[in-house]
Amino acid sequence: DMLSCEALDRYYESQFEEYKNDLDFLKKLIKVYTLSVCGRSEIFAAASEKLYSLEPSPETAHNLGIIFLSRKDYIKAEGFLKEAVLGENIDKKIMAGWYFDLAKLNSNTDEHCEAIEFAKKAVTLDANLGKAYLLLGDAFIASRDRLGDDFQQRTAFWAAADKFDKAASVDPSLADEARQKLTAISLQYPSNEEVFFRDLKEGEFYMVRGCINEKTTVQSRK
C-alpha cells in the first residue's frame, strides 16, 4: 500500500544520509524493504547500491539486479545479474534461479538467443526448474525467424513442445499452463504434406538449428 511505503521512505530518508556508511543500518533497512511491498523505492535502491559498494558479494549484486529489473532499468540489472553468476561456492539451486533471472531479463529485452543460453544453464544446474523450461519454449518460438524458410521456422514449435512437456513433468503446478501452450502451438506445426515434401517422417529425429540447437522429433498438424 503506497501510504505505508511513503511513510517508510520518510522514516528512513531522514536517517539515510547520517547512517549510510553503517553496514548494520543498511542491512536492517534492506531487510525491512525486502519484507515490505515497497521494493521499487528509491531509498531501497540507494541503500542496496551503498551496501554493495561497501560489501560487494554475489548476493548483494543479485539483489541489486532484481531491484533494477523490477524498475525496468535493464542495463543496470543485467550488469549486476551477470556479476552475481560469477560468484563461487553458490548453492546450485540458487545459481539456477540467478541464471533464470538473467534469462527472464533477456526475454524482456527481446534478446531471445541470450535468454535461451541462460535458461539452458539454469536447467543444467537444477533439472526441476519448471519455469525455466517454459521460458525456453517461449524463447525458442520467439527466436524462430533465425531458422530460415517458413517450414524451418515451424520446426521451432516442435522443440518448444518438448520443453513445455518437460515443464509439466517436473513441476505439476505448471501443468495447466504448459498444456495450454502445447494446445496453441500444435496448430502451428507443419502440415502432413509439408512434412512429406521435405522427405521427413512423423516421429523421426530432427535437429533444430539457429540458437535453439536442439534435437527434437518431427510432428505434423493434426
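Preceding block: the structure.
Residues numbered from 1 in each chain as written. Predicted model: local features only at pLDDT ≥ 70, side-chain atom pairs only at ≥ 80, totals over all residues. Heavy atoms only, no water.

Trainee: Can you help me understand the side chain of Asn106 in this one?
Mentor: Along the polypeptide, Asn106 turns up in helix H6 (residues 92-108). Among the residues examined, Asn106 registers a relative accessible area of 2% and is labelled buried. The contacts of Asn106, once residues within four sequence positions are left out, are Glu78, Glu111, His112, Glu114, Ala115 and Phe118. (Helix = DSSP H or I, 4+ residues; strand = E, 2+ residues; numbered from the N terminus. Buried < 20%, exposed > 50% of the residue type's maximum accessible area, 1.4 Å probe, protein only. Contact = heavy atoms within 4.5 Å.)

Trainee: Can you help me understand the pairing of strand E1 (residues 205-208) in this one?
Mentor: Remark: a regular strand shows side chains that alternate across the two faces of the sheet. Of the two faces of E1, only one is covered, namely that formed by Tyr206 and Val208; the face formed by Phe205 and Met207 stays uncovered. Across four bridges, the pairing between E1 and strand E2 (residues 214-217) is antiparallel. If you follow Tyr206 over to E2, its bridge partner there is Thr216. Between the end of E1 and the start of E2, which pair antiparallel, lie five residues, with Gly210 showing a positive phi angle near 65 degrees. (Pairing = 2+ DSSP bridges.)

Trainee: So what exactly am I meant to see when it comes to the environment of Tyr133 here?
Mentor: Its place among the elements puts Tyr133 in helix H8 (residues 130-142). Each C-alpha atom, one on Tyr133 and one on Ala122, is 9.2 Å from the other, the two residues being eleven residues apart in sequence. Sequence-distant contacts of Tyr133, defined by excluding residues within four places in its chain, comprise Val123, Ala127, Lys163, Phe164, Lys166, Ala167 and Val170.

Trainee: Quick question: what am I supposed to make of helix H4 (residues 58-70) here?
Mentor: Residues lying three or four places apart along an α-helix face the same way, a consequence of the helix completing one turn every 3.6 residues. Over its 13 residues, H4 runs 18 Å from end to end, which matches the ideal 18 Å to within 8%, given 1.5 Å per residue. All of the buried residues along H4 are Thr60, Ala61, His62, Leu64, Gly65, Ile67, Phe68 and Leu69. On its buried face, H4 sits against helix H3 (42-54), helix H5 (74-84) and H6. Immediately beyond the C-terminal end of H4, within one or two residues, lies Lys72, with a positive phi of roughly 60 degrees. (Expected span 1.5 Å × (residues − 1).)

Trainee: Explain the packing of helix H9 (residues 150-170) against helix H10 (residues 175-186) here, please?
Mentor: For any two helices packed against each other, one specifies the inter-axial angle together with the distance between the axes. Interhelical geometry of H9 versus H10 gives an angle of 160 degrees and a closest axis separation of 8 Å. Of the possible angle classes, the one that applies to H9 and H10 is roughly antiparallel. Considering only the axes of H9 and H10, their crossing is left-handed. Together, Phe157, Ala160, Ala161, Phe164, Asp165 and Ala168 of H9 and Ala175, Ala178, Lys181, Leu182 and Ile185 of H10 make up the contact between the two elements. For the contact of H9 with H10, a count of residues per class yields nine nonpolar, no polar and two charged. (Axes fitted to C-alpha atoms, helices over the stretch in contact; angles between N-to-C directions. Parallel < 35°, antiparallel > 145°, perpendicular 65-115°, else oblique. Left-handed = near helix turned anticlockwise from the far one by under 90°. Nonpolar A, V, L, I, M, F, W, Y, C, P; charged D, E, K, R; others polar.)

Trainee: Could you clarify how one ought to interpret the side chain of Asp126 in this entry?
Mentor: Mapping Asp126 onto the fold places it in the loop between helix H7 (112-125) and H8. For the buried Asp126, no salt bridge exists, and the shortest N-O distance to an oppositely charged side chain is 4.8 Å, to Lys93. Each residue touching Asp126, except ones within four places of it in the same chain, is listed here: Lys93 and Ala96. (Lys, Arg positive; Asp, Glu negative; His and termini not counted. Salt bridge = Lys/Arg side-chain N within 4 Å of Asp/Glu carboxyl O.)

Trainee: Can you walk me through the pattern of salt bridges in this structure?
Mentor: Two side chains carrying opposite charge are able to pair once their charged atoms lie near each other. Under the criterion given, the structure shown has twelve salt bridges. Residue Lys120 is joined to Glu214 by a salt bridge in which the shortest nitrogen-to-oxygen separation is 3.2 Å. With Lys120 in helix H7 and Glu214 in strand E2, this residue pair connects regions lying 94 residues apart in the sequence. Judged by its relative accessible area of 23%, Lys120 falls in the partly exposed class. If you follow the salt bridges from partner to partner, you end up with Lys120, Lys163 and Glu214 in one network.

Everything listed here is a matter of coordinates, which is why it stays silent on function.
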